Amino acid sequence: MLLKDKVVLVTGASQGIGKAAAIGCARHGADVAINYHSDEAGAADAVAQIEALGRRAIAVKGDVAQVETATSFVQAAVEAFGKVDVFVNNAGICPFHAFLDMPPEVMERTMKVNLFGAYYMVQAAANQMVKQGQGGAIIAVSSISALVGGGMQTHYTPTKAGVHSLMQSTAIALGKYGIRCNSVLPGTIETAINKEDLADVAKREYMAGRIPLGRLGEPDDLAGPIVFLASDLAKYVTGAALLVDGGAFVNLQ
Ligand SMILES: NC(=O)C1=CN([C@@H]2O[C@H](COP(=O)(O)OP(=O)(O)OC[C@H]3O[C@@H](n4cnc5c(N)ncnc54)[C@H](O)[C@@H]3O)[C@@H](O)[C@H]2O)C=CC1
Ligand SMILES: C[C@H](O)[C@@H]1OC(=O)[C@H](O)[C@@H]1O
């Protein structure tokens, strides 16, 4: 049990990587507050799975692109569980689109959800941790796309580089409070975010073929790395970025 009686908050956790991370933390003894955007059934299922592990859970609805969602999520978690020990910034969107005719509203929504949302959420969680005076751990779900480009992701990759950079800067700003800030950089993980993209059989085979470990990722592949960075096993790790990509990034030749 690496997170016994810790309180963990995860954004965008009604499905995919966020849900797997929330359940993974509960498996390690944490109580969990999840933020979700609109999928009531997915959020209820996450809560049920966490409770089945003998831990407490709440689901709080909110759009992370709205500034006030951050403080209300943290406040709801504190009301339910009394504290915040770990914050996982996971919510994100990737509406694939070409560069030259990128609609401004798609660009701006992607920035607001992935980057601005992360900024205000991390700030709200950090303020609560500072108030508690016991340190904490913040983990951002960035991406391999923080390090490499995507022709249909010109609006998205800067947000993933942005949250990685945010963790580097907050690691410095919050180190004196004992708050560690790190990123995980997933490769290609099969979730709703890329279902349409990976429905192209040739693309799917190409992406899978680039991975030394021989398969695309699944959401649970992120749970262990996130639990590790949240736990005291990583007590001297801050400002770091952990690739979780089956080796895709290093596979040049
Ligand atoms: N699937 C992949 O290959 C990779 C995913 N990521 C990142 O992982 C994170 C999770 O994505 P996945 O689980 O893959 O996809 P997903 O689509 O299954 O999950 C995204 C989650 O974010 C939530 N969300 C979206 N907009 C929101 C908003 N405005 N407010 C609150 N929640 C919102 C969704 O409801 C959903 O629960 C994202 O930040 C994504 O950029 C990073 C690298 C690779
Ligand atoms: C959604 C994409 O398939 C996925 O998102 C990322 O961040 C990865 O690099 C993939 O491009």
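Scroll up a little and you will see the structure.
A brief report on the enclosed structure follows. (Residues numbered from 1 in each chain as written. Chains lettered and ligands numbered in written order. Predicted model: local features only at pLDDT ≥ 70, side-chain atom pairs only at ≥ 80, totals over all residues. Heavy atoms only, no water.)

### Let's talk about the site of ligand 1
Inspection of the region around ligand 1 gives 29 residues, with Ile 17, Asp 63, Asn 90, Tyr 156 and Thr 191 positioned closest. Interatomic distance of 2.8 Å between a backbone N/O atom of Ile 17 and an oxygen atom of ligand 1. About the coverage of ligand 1: the protein hides 93% of its 820 Å² of free accessible area. Elements with a minimum of two residues in the shell around ligand 1: helix 1 (16-27) and helix 4 (104-132). Each residue belonging to the shell around ligand 1 can be placed in one class, and the counts come to eleven nonpolar, 15 polar and three charged. (Near = heavy atom within 4 Å. Polar contact = N/O pair within 3.5 Å; in protein donor to acceptor, adjacent residues only side chain to side chain. Areas by Shrake-Rupley, 256 points an atom, 1.4 Å probe, with all protein chains shown as cover. Helix = DSSP H or I, 4+ residues; strand = E, 2+ residues; numbered from the N terminus. Nonpolar A, V, L, I, M, F, W, Y, C, P; charged D, E, K, R; others polar.)

### Here we look at the sheet that holds strand 5 (residues 136-141)
Across the sheet, which stays open at both edges, the seven strands sit in the order 3-2-1-4-5-6-7 with parallel pairing between neighbours. Each end of this open sheet is capped by a strand with a single partner; those strands are strand 3 (57-61) and strand 7 (241-244). When strand polarity is set aside, the average angle formed by the axes of neighbouring strands in this sheet is 15°. Pairing geometry for strand 5 and strand 6 (residues 179-186), over six bridges, is parallel. Each bridged residue has a counterpart across the sheet, and for Ala 140 the counterpart in strand 6 is Ser 183. Contacting strand 1 (7-10), strand 2 (31-36), strand 3 and strand 4 (86-89), helix 3 (residues 67-81) crosses the sheet at an angle of about 155° to strand 2. Here helix 4 sits on the sheet in contact with strand 4, strand 5 and strand 6, set at roughly 180° to strand 4. (Pairing = 2+ DSSP bridges. Axes fitted to C-alpha atoms, helices over the stretch in contact; angles between N-to-C directions. Contact = heavy atoms within 4.5 Å.)

### Describing the packing of helix 1 against helix 2 (residues 40-52)
Viewed as axis vectors pointing N to C, helix 1 and helix 2 meet at an angle of 15°, and their least axial separation amounts to 9 Å. Overall, the two elements helix 1 and helix 2 adopt an arrangement that is roughly parallel. For the crossing formed where helix 1 meets helix 2, the hand is right-handed. In this structure, helix 1 uses Lys 19, Ala 22, Ile 23 and Ala 26 to contact helix 2, whose residues at the interface are Gly 42, Asp 45, Ala 46, Gln 49 and Ile 50. In terms of residue class, the contact of helix 1 with helix 2 is built from five nonpolar, two polar and two charged. (Parallel < 35°, antiparallel > 145°, perpendicular 65-115°, else oblique. Left-handed = near helix turned anticlockwise from the far one by under 90°.)

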